[in-house]
Amino acid sequence: QVQLVESGGGLVQAGGSLRLSCAASGRTFSGYAMGWFRQAPGKEREFVAAISTRGSTDYAGPVKGRFTIWRDNTKNTVYLQMNSLKPEDTAVYYCAAANRATLFPADYWGQGTQVTVSS
């Protein structure tokens, strides 16, 4: 089992950057696929990015080329670097984990962190 705590959200102007962190508690962090989802007001929760236990990454089309996911297993932490932010990136961002090599379906979720991008 694993517990997830997100941090790093906030208010930023369009074109700016934010870095989200997700700290995990668990004895087998390196064996968990990790990733990020987001949910904007009035919309369904959507996939953003994922990283497998072997370091392979996957990105949703709208964030490809702007966002980068990586993990530091020595710190039990996964990160999401968000560059060139747009107002449509505004959402609550959720960290997710799965006790498998790949993320889907996720087994564990963080509480979420708000990202607001102003124009």
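Residues numbered from 1 in each chain as written. Predicted model: local features only at pLDDT ≥ 70, side-chain atom pairs only at ≥ 80, totals over all residues. Heavy atoms only, no water.

(A) Region of interest: unusual backbone geometry. In this structure, P105 follows F104 across a cis peptide bond, with omega equal to -10°. Following the sequence through the fold, P105 ends up in the loop between β9 (91–98) and β10 (108–109). A positive phi angle, close to 50°, is found at N76, a residue other than glycine. The residue N76 is located in the loop between β7 (67–72) and β8 (77–82) in this model. For N76, a relative accessible area of 22% translates into the label partly exposed. Although it is not a glycine, S84 sits at a positive phi angle of roughly 50°. Following the sequence through the fold, S84 ends up in the loop between β8 and β9. (Helix = DSSP H or I, 4+ residues; strand = E, 2+ residues; numbered from the N terminus. Buried < 20%, exposed > 50% of the residue type's maximum accessible area, 1.4 Å probe, protein only.)

(B) Molecular detail of the pairing of β9. For β9, the tally of buried residues reaches seven of eight residues, placing the bulk of the element in the interior. Summarising the sheet, strand β4 (residues 33–39) and β9 pair through seven bridges and their orientation is antiparallel. Residue pairing in the sheet places Q39 in a bridge with V92 of β9. Bridging between β9 and strand β11 (residues 113–118) involves three bridges; their strand directions are antiparallel. Residue pairing across strands places A91 opposite V115, the latter belonging to β11. One ladder, built from two bridges, connects β9 with β10; its direction is antiparallel. Directly across from A96, in β10, lies its bridge partner W109. (Pairing = 2+ DSSP bridges.)

(C) Structural detail: the state of the cysteines. All chains considered together, the criterion is met by one disulfide. Here C22 is linked by a disulfide to C95, with a sulfur-sulfur distance of 2.0 Å. Between C22 and C95 the sulfur-sulfur dihedral comes to about -85°; the bridge is accordingly left-handed. With C22 in strand β3 (residues 18–25) and C95 in strand β9, this pair connects stretches of sequence that are 73 residues apart. This pair shows no difference in class: C22 is buried, exactly as C95 is. (Disulfide = S-S within 2.5 Å.)

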